Structures are given as structure tokens and as C-alpha cells.
Amino acid sequence: MQQKSSHPSVILHNGVVFTADPKQGWGQAVAVQDNQIMAVGTDEEVLALADPKTQVINVQGRAVLPGFNDAHTHYIEAAIREASTFSMFRVADREQAAGVIRHYAEQNPSNEWLLGKRLDLGRFEGGVFPNRHILDEIENRRPVAITDIDGHSCWVNTRALQEMGYTVGTPDPVGGRILREADGTPNGMLLEEAYNPVPAPVLPAGMDFRQVMRDAGARLNRMGITSLSNNGIELEHLDVLEEMARQGELTFRLNEWPALEENLEYAHSLRERFAGNEQIRVTGLKLFMDGVLSSRTAWLLEPYSDEAGNCGFPMQPVEEMDALALQADRAGFQVITHAIGDRGVREMLNIYEHAAQMNGRRDSRHRVEHIEMAHPQDQIRFGSLGVIASMQPLHATACIDDYTLARIGAERGAYSYPWQSLLNGGAHLCFGTDWPAIDMSRPNPLENIYGAVTRCHPGIKGMPPFHIEQGVSLEQAIISYTTEPAYAEFMEARKGTLTPGKLADVCVLDRNIFSMPPEDLLSVGVSLTMANGNIVYQQIE
């Protein structure tokens, strides 16, 4: 048993301690001193370290894990949207939509725009894209804009099209499409970059961002989450989070991804600003290769099964993305790229390979996010190139019957979400939710872990597993939610396992998940969360 000197501030004992560290192995108890793991071992070994000031907590046979780390979110923006827009989550038809929109309009008479979120277009009225006329019947005085659950398309009314200046003569923007009626008039569905003119939501007057983040942090802690990666935050909000971290108010660790742009000055300034900061980090830059399967904008090697001739498209010319990645790699940045279609994934691997050839191979840990399709020839390239596969388990099962197999067919479905194949090829695999772009009411790691193990969706009873051969073990799913995200942030020396000397980010579940069938994971809760050595959520004495 390894340990530091002095006495622990907290001891968790009588547990089933999964350290996620093969050298450390399993334990019964964990000792924490200040903000670090002090010791892991048997109850007898660890309890012997206590002094009268040590807080000793009997976890009564529960599982003790490293704090969960959601490897891909838009959590900060989602928290703002939660406070400033209406939700269309689980809204299935125009009647339900009318109720939600009209209620919000009545409650917010001074809003210039009525902004909504999380509409599941794959399940709304049979999956056929809605049009502006439906919204016009609900609200035609103020512009209405409702983003899809994945954030890659937007449904708007005629008033919104007028505000944006969209007419028959408006061309499709680079990286986007304006869906149209027979005469060329925009029909109210805007894909990808086409809805950029829609205003971003802002917090209502009098609402404090700091309090929004306190509440958001508390929600994370109730789910055992102590770290997350995030794309999308305004500089003024980053300033607030930095101050909260300095004052000990921030109860989660943030790995922020600014957009990858031609001018790296802003990225350099953030990297230098947060160098050495273990609460907030900026080491990677976000790029978008393609769109999503739901709106047929993910870039495929072969046309969509349900739309002949359409292979999707890249968000910008590949040559431009290659130049951006090459520059960022040369400057020592990690490149983090959204790529969903098999063509998009292949092109991104080619770009990373080209960067290594031109700049020299280094520990770059470039990432591909989502990888909803990867041709077998490309699956083995992740390991050989050292590219991290960052994936979302419930994306694999949420929309199989709704649209996924309709879009790509059964043959290509066999190499969709290929977690085990990527692992077999030596890839690092990390898991996250892509919150709020997922069919979940909250970004619960245990639901995602269930999906990773069973290849089933928690909300679909009796669902047959979707290519169970690509499922992973429970232990691997936890590692992909703790250890691997830490590696993906270059933080594996400081967090991600319960190893003496690492940061004390700990999660205690309400039972021992290692002695139950996978379906029981859906009823498991969190009993205690420790972030940076502080107990931030507790349901046991």
C-alpha cells in the first residue's frame, strides 16, 4: 500500500473500491488528505491512518469509483439555454408544440425572439421535417427558432426567415443548406451553418451567471460528475468561472475547447492563461468536419440509403481544414474534430496523418468526436496514428429504428459505433454524452455506461442489442468515463484513477454495481461525490 505522510482528512471504508489503476488494483477503503488521494487499501490498513480529526464514512459495501468525467459536452451553453429558452424534449407533434410555444410566449411577452431547443426531428410527426407553415399557425407575430436536439438544424417560422433576410434568392451558405419549397422559397428548415443568423440565447435580465453555474455544478455532482470537456463559452463567462474556481465555488473541472480558427492568437492567450491550472484547462481546439445522420449532413463514402445521390458534405473544403489542423498541430495544440460519417472520419484521419508527416510525430492526442460510422479499414488507423476516439454510447442506440438504419442500411450499420473494434486496434476510447445533444433527460453517466455494456437504450423496453459484439465490459465502460477522458486532456498523471498522489475526485454509488446484472444499472444512484477533496454531494453519513 502506497501512502503519503500525515493524517487523512476523510476516509471512505467498507467499500468496493475500483481504482481503475491496474497497478493499484481493487481496495476496500480510500484515504484523502486535503485535495489528494492519500492511500488505497484494506479497511485495516487505511483506518489505521486516521486521527481524531479524520472524517470517517462507512460506505456500507457500495462501489467507490474515480469521479466521472464527461468527455464531450456543451454544458455551459446548455445551462444558459435551460434558463432562457423553451424545451421541446419529447414533444412529438404540432399540438404538443403549440402548447409549449404559446405558453412560453405568454410568459415572455417582451422577448423579441422565441427560442426553443432539443426538438427530436427523428421522432416529431414520423420523422418528416416540419415546415414554417406549421409554426406560423402557432405564432406569426414574433420570430420563432427551435434547434434540433443535436444542434445541427433549426426549425423557424416565416417571421424568422424575414428577420434573417432569407428569400428565394438567398444562396446556401458554405457548410449549410436552406431547405426549400418547390418554387425555391425557404421552407423553414435550416441545416448546419444556415441557421447562424439566429441570435444566441442570453440569460434573462436579473439572472446571475454565477448562480446558474452553482446550480449546474450541483446537478453534475448529484450524478457523480467531477470533470467535463466543453465546447462553447463566452469570454465573460470564462472569467466568472475562473473567479469561482479561485474562490472554491466551482465544483467541477472544466476542459474548454475554443473553436479552431486561422488566427491562433486567442487560443494561445487562453492556453497561457490557464497553464498549470487544474480546475480550468485549454489545450485543444474544436473543428467540424461534417454534420449529422439525422439531417443527412454527415459525410458518407456512399450515398444515404434513403436519399439517392446525397452523401452529405464537409463543413468547409478539406484543404482548408487540413491547413487549419496543420497550423494548430505545429503550434502544439490538440485538434478535436466532430466527424460522424465514414467519409468524414476517413478524411480527418488523413488530415491528422498529414500533420504528423509534415510537423513530425509527437504526443498530440488529436481526437475524433462521435465516429458514428467508421469503415473497417479506418478503424485500425486510430491506434496506429495515436488518435483518440471520443464517443457517446447512447447515440448508438437512441435512433436505430427512428432513422439510423434508414439512413445507412444494415450493412453499414455493422460498422457503426465500433467501440470494441477500436479498442482491439489499440485506440484510446473515451465516453461522454454530447449534452444536451442526446436523448436523455440529464447527462447521467450510468445510463451511458448501461448503453456501452448492453448496446441497448434505457428508454426503449425490449430493445434487442444493436451489434452487441461492439459492446464493452463494465470495467472498460467505467475506464472510458474516468481514466480515458483524463488521458484525452493530458491529465492522466493527476486524475482519472484512485491512485495515491492524484486529485481526490471520487464518486460513491448507492450499491455495488460489480455484483448485479447490467439492466440494474438504470436504478443505481449516487450516494456521495467528492471534488478536489471536498464532499460536494452526500446521501450517507
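See the structure above.
Model, not experiment: these values are computed from the prediction. Within every chain, residues take consecutive numbers counted from 1 along the sequence as written. It should be noted that, the model being predicted, local features are given only for residues of pLDDT at least 70 and side-chain atom pairs only at 80 or more, the latter also being counted only at that level, while totals for whole chains, interfaces and linings use all residues. Water and hydrogen atoms were dropped before computing side-chain values, which therefore reflect all heavy atoms in the structure.

Draft legend 1. How the structure looks around empty space enclosed by the protein. Using a grid of 1 Å spacing that covers the protein atoms alone, one calls a set of points a cavity when a 1.4 Å probe fits there but cannot get out, and a pocket when the set is open and has protein on both sides within 12 Å along at least five of seven lines; lining residues are those with an atom within 4 Å of a point. Grid points are joined across faces, edges and corners, and a volume is the space filled by probe spheres set on the points. Taken as a whole and judged by the stated rule, the model has three cavities of 30 Å³ or more. Size it by volume and the largest cavity reaches roughly 260 Å³. Lining the largest cavity are 25 residues, and of these D150, E372, H395, Y403 and A437 sit closest to its centre. Put simply, Ala, Val, Leu, Ile, Met, Phe, Trp, Tyr, Cys and Pro go in the nonpolar bin, Asp, Glu, Lys and Arg in the charged bin, and everything else, Gly too, in the polar bin. When grouped by side-chain class, the residues that make up the lining of the largest cavity number twelve nonpolar, seven polar and six charged. Put simply, the second largest cavity is a space of about 100 Å³. Around the second largest cavity, the lining comprises 13 residues; the ones closest to its centre are Y352, A356, S364, H366 and L385. Only DSSP runs of H or I with at least four residues qualify as helices, and only runs of E with at least two residues qualify as strands; both kinds are numbered from the N terminus onward. Among the elements that line the lining of the second largest cavity, the one with the most residues is helix 10 (residues 342–359), at four residues.

Draft legend 2. The arrangement of unusual backbone geometry in detail. Of the consecutive residues W435 and P436, the connecting peptide bond is found in the cis state with omega at 10 degrees. Counting through the fold element by element, P436 comes out in the loop between strand 21 (429–431) and helix 15 (445–454). Backbone geometry places R365, a non-glycine residue, at a positive phi of 55 degrees. Tracing the sequence through the fold places R365 in the loop between helix 10 and strand 19 (367–370). Despite not being glycine, H467 shows a phi value in the positive range, around 50 degrees.

Draft legend 3. Representation of the packing of aromatic side chains within the structure. Centre distance within 6.5 Å is the pairing criterion for rings of Phe, Tyr and Trp, where only the six-membered ring of Trp is used; planes under 30 degrees apart are then read as stacked, over 60 as edge-to-face, and the remainder as tilted. Counted according to the given criterion, the structure contains seven aromatic pairs. Centroid distance F18 to F514: 5.4 Å. Interplanar angle 45 degrees. Geometry classified as tilted. Of the two residues, F18 sits in the loop between strand 2 (16–17) and strand 3 (29–33) while F514 sits in the loop between strand 22 (506–509) and strand 23 (526–531), which places them 496 residues apart along the sequence. Throughout, exposure labels follow a simple rule: accessible area from a 1.4 Å probe, protein chains only, divided by the maximum for the residue type, with under 20% read as buried, over 50% as exposed, and the rest as partly exposed. Residue classification places F18 among the buried positions, given a relative accessible area of 7%. Every member of this aromatic cluster is reached through a ring pair, and the members are F18, W26 and F514. Here, a charge over a ring is recorded when the distance from Lys NZ or Arg CZ to the ring centre is within 6 Å and its angle to the ring normal is within 35 degrees. For the cation-ring pair, R365 lies above Y487, with the distance from its terminal atom to the ring centre recorded as 3.8 Å. One Lys or Arg, R455, reaches over the ring of W419 and ends 4.4 Å from the middle of that ring.

Draft legend 4. Geometry of the nonpolar core. If you look at the biggest cluster of nonpolar residues, it comprises 92 residues, and the most contacted ones within it are L241, F382 and L509. Working definition of a nonpolar core: buried Ala, Val, Leu, Ile, Met, Phe, Trp, Tyr and Cys residues. They are joined through side-chain atoms within 4.5 Å. The next biggest cluster of nonpolar side chains, apart from the first, holds 20 residues, and it includes F86, M88, I138 and I146.

Draft legend 5. Broad picture of the pattern of salt bridges. Think of a salt bridge as a Lys or Arg side-chain nitrogen and an Asp or Glu carboxyl oxygen that are within 4 Å of each other. This structure, assessed with the given rule, holds 29 salt bridges. In this structure, E243 engages R246 in a salt bridge whose closest nitrogen and oxygen atoms are separated by 2.6 Å. In this pair, E243 and R246 both sit in helix 7 (residues 235–246), three residues apart, roughly one turn of the helix. On the accessibility criterion, E243 (24% relative accessible area) is partly exposed. A relative accessible area of 58% places R246 in the exposed class. A salt bridge links D378 to R346; the shortest N-O distance between them is 2.8 Å. Highlighted residues: D378 in helix 11 (residues 376–379) and R346 in helix 10, separated in sequence by 32 residues. Relative accessible area serves as the criterion here: at 22%, R346 is assigned to the partly exposed category.

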